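# A structural walkthrough
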Amino acid sequence: MARGKIQIKLIENSTNRQVTYSKRRNGLFKKANELTVLCDARVSIIMFSTSGKLHEFISPSTTTKQIIDQYQKALGIDVWSTHYEKMQEQLKQLKEVNRNLRIEIRKRMGDCLNDLSIEDLQSLEQEMDSSVNLIRDRKYRILTNQIDTSRKKVRNVEEIHKNLLHELDALKEDPYGLVDNGGDYNTLIGYQNGGPRISALRLLPNHPSLHSGRGSDLTTYPLLD
């Protein structure tokens with residue numbers, strides 16, 4: 001059966017419209033490639049979808065610029081002139097902005113003030129005062145952060161120093177290590193009925209007698225009643 005004739009009008013459904021665009025675009029590019037191979041023609045196709053996405057086909061033997069240059073030569077027109085004029089206008093605007101910025105910088109350095117009126121000088125003074133206030137606030141914030149950090153470091157050092165002093169005091173009170181496991185001095189072995197009592201004395205590891213090679217690490221002394 002023959003295909004029905006399709007009415008050429010805008011496809012209302014966006015999904016169907018996108019599918020049709022994709023299929024026909026690929027078919028058009030295929031025909032352009034066939035025309036390039038069969039007839040040695042130079043073909044360029046530039047397409048933009050409704051979303052602004054670019055699709056382009058160009059014959060392998062040429063470039064888009066060469067096609068446009070040949071198009072200009074064939075018709076005797078210059079398609080680049082308008083673009084060049086726009087670029088020149090943008091360049092002019094950028095130069096004007098740059099010139100104004102340089103003038104403002106020189107004003108803030110104390111130059112180019114002779115042509116300013118009283119109102120302009122007052123406005124410039126207010127702007128500079130505002131800038132100074134912003135810089136001062138920023139400086140104070142940085143100094144405050146640095147001071148807080150330094151105070152934290154000082155507190156940490158003081159805490160370490162305090163712990164070292166506490167350990168030193170404990171060592172002075174118990175130079176031979178009588179305190180064992182939490183400071184228990186009651187390591188005494190005795191008899192309840194008046195028998196002799198023996199006190200266990202633990203020497204520190206760095207005590208000289210431990211390295212003499214004689215005796216035991218544990219020395220016992222009888223205690224008399």
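Named according to an unreviewed UniProt entry, the protein is Floral homeotic protein APETALA 3 originating from Hibiscus syriacus.

## Quick notes on the overall build of the protein
When helices and strands are tallied, the protein shows 4 helices and 5 strands. Each helix and strand of the protein, ordered N terminal to C terminal, gives the series α-β-β-α-α-α-β-β-β. Each of the 225 residues in the protein was classed as buried or not, and the buried ones make up 10%. Contacts spanning at least 24 positions in sequence make up 25% of the contacts within the protein whose residues lie at least 6 apart. Surface summary for the protein: the accessible area is close to 19900 Å², and the carbon and sulfur share equals 56%.

## Structural notes on the side chain of His55
Considering the arrangement of structural elements, one finds His55 in strand β2 (residues 54–58). Among the polar contacts listed, one links the side chain of His55 to the side chain of Tyr21, at a separation of 3.3 Å. Sequence-distant contacts of His55, defined by excluding residues within four places in its chain, comprise Tyr21, Arg25, Phe29, Ile45, Ile46 and Met47.

## Describing the pattern of salt bridges
A side chain of one charge can pair with a side chain of the opposite charge if their charged atoms are brought near each other. Evaluated as defined, the whole model comprises 4 salt bridges. Measuring nitrogen to oxygen at the nearest pair gives 4.0 Å for the salt bridge that ties Glu34 to Lys31. Placement of both Glu34 and Lys31 in helix α1 (residues 14–39) is noted, with a separation of 3 residues, approximately one turn of the helix. Accessibility expressed as a relative area gives 32% for Glu34, which makes it partly exposed. The exposure class of Lys31 is exposed, given its relative accessible area of 55%.

## Here's the deal with helix α3 (residues 80–108)
Taking 1.5 Å of rise per residue, 29 residues should cover 42 Å, and α3 covers 42 Å from first to last C-alpha, within 8% of that figure. At the exit of α3 stands Gly110, carrying a positive phi of roughly 95°.

## Remarks on helix α2 (residues 64–75)
Taking 1.5 Å per residue as the helical rise, α2 with its 12 residues ought to reach 16 Å, and the 17 Å between its terminal C-alpha atoms agrees with that figure. One or two residues past the end of α2 sits Gly76, with phi positive at roughly 70°.

## Quick notes on the pairing of strand β1 (residues 44–48)
Only one face of β1 is buried, namely the one carrying Ile45 and Met47, since none of Ser44, Ile46 and Phe48 on the opposite face is buried. Inspection of the sheet shows β1 paired to β2 by 5 bridges, in the antiparallel sense. Residue pairing for β2: Ile45 is matched across the bridge by Phe57. What sits between the antiparallel neighbours β1 and β2 is a turn of 5 residues, in which Gly52 has the positive phi angle 90°.

## A short note on unusual backbone geometry
For Asp40, which is not glycine, the phi dihedral falls at a positive 55°. With respect to the secondary-structure elements, Asp40 resides in the loop between α1 and β1. Accessibility expressed as a relative area gives 66% for Asp40, which makes it exposed.

## Considering the nonpolar core
Listed in full, the 7 residues of the largest apolar core are Tyr21, Phe29, Ala32, Val43, Ile45, Met47 and Phe57. When contributions to this core are tallied by element, the ones reaching two or more residues are α1 and β1. If sequence neighbours within four positions are ignored, Ala32 has contacts with Val43, Ile45 and Phe57.

## What to know about a nonpolar patch on the surface
Together, Tyr71, Leu75, Ile77, Val79 and Trp80 make up a nonpolar patch on the protein surface, roughly 470 Å² of accessible area in all. Topologically, Trp80 is positioned in helix α3.

## Some thoughts on the confidence of the model for the protein
Looking at the protein, the pLDDT average stands at 78 and 75% of residues meet or exceed 70. Counting interchain partners and residues more than four positions distant, the pLDDT-below-50 stretch residues 181–204 has 49 contacts.

## Some remarks on the environment of Leu54
Of note, Leu54 is situated in strand β2. Owing to a relative accessible area of 43%, Leu54 belongs among the partly exposed residues under this scheme.

How each quantity is defined
- Residues numbered from 1 in each chain as written.
- Predicted model: local features only at pLDDT ≥ 70, side-chain atom pairs only at ≥ 80, totals over all residues.
- Heavy atoms only, no water.
- Helix = DSSP H or I, 4+ residues; strand = E, 2+ residues; numbered from the N terminus.
- Buried < 20%, exposed > 50% of the residue type's maximum accessible area, 1.4 Å probe, protein only.
- Contact = heavy atoms within 4.5 Å.
- Areas by Shrake-Rupley, 256 points an atom, 1.4 Å probe, with all protein chains shown as cover.
- Polar contact = N/O pair within 3.5 Å; in protein donor to acceptor, adjacent residues only side chain to side chain.
- Salt bridge = Lys/Arg side-chain N within 4 Å of Asp/Glu carboxyl O.
- Expected span 1.5 Å × (residues − 1).
- Pairing = 2+ DSSP bridges.
- Core = buried A, V, L, I, M, F, W, Y, C linked by side-chain atoms within 4.5 Å.
- Patch = residues over 30% accessible without salt bridge, like charges linked within 9 Å, V, L, I, M, F, W, Y side chains within 5 Å.
- pLDDT = per-residue confidence, 0-100.

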